[in-house]
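Structure at a glance
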Amino acid sequence: MKFLRRLRSPFLTNVLDVFRGTAIAQIILLLTTPLLTRLFSPGAFGELVLYQAVLTFGLVGGALRFEHAILLPEDRRTAFDVALISFVLVSVVSMTLFVIAGVGYVQLTDRGQDMAVVRMYVAAALLLGGWAQTLNFLALREKEFRLTANAKILRAVTLSIAGVTGGFIRPAGATLMLADIIGKLAALILFLEKFWRQLAAHASGAALSRVLAAAKTYRRFPMVSLPGSMINTATFSITPVMV
């Protein structure tokens, strides 16, 4: 009986929720991969690898690692202040990249325009993925483990459906990138359904001095954690970019 009670403990339930989300999402992507490889050419997947390499680098540094600090504050208000910091930083970086890509598309040659389009996709994915990543940490803080699991599953399902559907319509690298963006959007919408009202209420009453104080309190994340994380990410991401 004690063993059965332990199986029903909140801790084990949370662990199973996290495992369920990761496992089901991976299975969905694994089952979809053989179909995608028949619909898309190796060149299309090469473009996707380049996009993912640049995006991974952006997701690590987009919020200057402030999203990880969401887990630390003792009071909920400070945690939401740190979340606001992450949202603003990701938005600024994404919009800057989008403007640079737009200028490049207008001024560059066909080859340069192709790269500019990739940057536009990266900017969109960085905005949606960065916001979803911040909300994921907020959900972990609020012990909404089932929500994080469902977000992973929804992203995998949406990405797979969009990828397969797009493969029949236009089997190109841009289609795979768009499918990834759609998956990130679906996960973000799920998180926003839970936190939108709380975030809006907090943002309307947030004081700039308090938000800046939170940034100062957790400044070690951009100063200490960010450089090491960027170096580690570059180790895996730089090869596709160089190729």
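About the criteria used
Residues numbered from 1 in each chain as written. Predicted model: local features only at pLDDT ≥ 70, side-chain atom pairs only at ≥ 80, totals over all residues. Heavy atoms only, no water. Helix = DSSP H or I, 4+ residues; strand = E, 2+ residues; numbered from the N terminus. Buried < 20%, exposed > 50% of the residue type's maximum accessible area, 1.4 Å probe, protein only. Contact = heavy atoms within 4.5 Å. Areas by Shrake-Rupley, 256 points an atom, 1.4 Å probe, with all protein chains shown as cover. Phe/Tyr/Trp six-rings, centres within 6.5 Å; stacked < 30°, edge-to-face > 60°. Core = buried A, V, L, I, M, F, W, Y, C linked by side-chain atoms within 4.5 Å. Salt bridge = Lys/Arg side-chain N within 4 Å of Asp/Glu carboxyl O. pLDDT = per-residue confidence, 0-100. Polar contact = N/O pair within 3.5 Å; in protein donor to acceptor, adjacent residues only side chain to side chain. Arc of directions from axis to C-beta.

**Quick notes on the overall build of the protein**
Tallying secondary structure elements over the protein gives 10 helices and 0 strands in all. Starting at the N terminus and ending at the C terminus, the protein contains elements arranged as α-α-α-α-α-α-α-α-α-α. Here the protein, with 243 residues, has 42% of them falling under the buried criterion. For the protein, contacts bridging at least 24 residues in sequence account for 85% of all contacts bridging at least 6. Per element, the accessible surface of the protein, about 13600 Å² overall, is 69% carbon and sulfur.

**Examining the packing of aromatic side chains**
Applying the stated criterion across every chain, the model contains 2 aromatic pairs. When the centroid spacing of 6.2 Å and the interplanar angle of 75° are considered together, the rings of Phe40 and Phe45 count as edge-to-face. According to the relative accessible area criterion, Phe45 is partly exposed, its value standing at 24%. Ring geometry for Phe87 against Trp131: centres 4.6 Å apart, planes inclined by 40°, an arrangement best described as tilted. Placement of Phe87 in helix H5 (residues 76–107) and of Trp131 in helix H6 (residues 110–141) is noted, with a sequence separation of 44 residues between them. Note on Phe87: relative accessible area 6%, which makes it buried. Given a relative accessible area of 25%, Trp131 falls into the partly exposed group.

**Brief notes about the nonpolar core**
Formed by 44 residues in total, the largest nonpolar core has its most connected members in Tyr51 and Leu135. Those elements that place two or more of their residues in this core are helix H2 (10–39), helix H3 (42–61), helix H4 (66–69), H5, H6, helix H7 (145–169), helix H8 (173–205) and helix H9 (208–217). The element that contributes the greatest number of residues to this core is H6, accounting for 10 residues. Residues in contact with Leu135, not counting those within four places in the same chain, are Phe87, Leu188, Phe191, Leu192, Phe195 and Leu199.

**Structural notes on the pattern of salt bridges**
By the definition in use, this model includes 7 salt bridges. Among the salt bridges present, the one from Asp17 reaches Arg20, with a minimum N-O distance of 3.8 Å. Taken together, the residues span about one helical turn, with Asp17 and Arg20 both in helix H2 at a distance of 3 residues. By relative accessible area, Asp17 is classed as buried at 8%. Assessed through its relative accessible area of 26%, Arg20 is described here as partly exposed. Put simply, Glu144 and Lys194 hold a salt bridge, and the shortest N to O gap is 3.2 Å. Within this pair, whereas Glu144 is found in the loop between H6 and H7, its partner Lys194 is found in helix H8, the two being separated by 50 residues in sequence. The class of Glu144 is partly exposed, set by a relative accessible area of 24%.

**Things to note about the confidence of the model for the protein**
Per-residue pLDDT for the protein has a mean of 88; in total, 88% of the residues score no lower than 70. Mean pLDDT across the elements of the protein bottoms out in helix H1 (residues 2–7) (51) and peaks in H7 (96).

**Here's the deal with the side chain of Asp180**
For Asp180, the location among the structural elements is in helix H8. Within polar-contact distance, the side chain of Asp180 engages the side chain of Tyr51 at 2.6 Å.

**Describing H9**
Taken residue by residue, H9 has Val211, Ala214 and Ala215 as its buried positions. Seen from one end, H9 has its buried residues packed into an arc of 100°, which puts them on one side. Facing away from the buried surface of H9 by more than 90 degrees, the exposed residues are Ser209, Leu212 and Lys216.

**Things to note about unusual backbone geometry**
Unlike most non-glycine residues, Leu64 shows phi in positive territory, near 55°. Looking at the secondary structure, you find Leu64 in the loop between H3 and H4. Of note in this structure, Arg65 is not a glycine but carries a positive phi near 70°. Relative to the helices and strands, Arg65 resides in the loop between H3 and H4.

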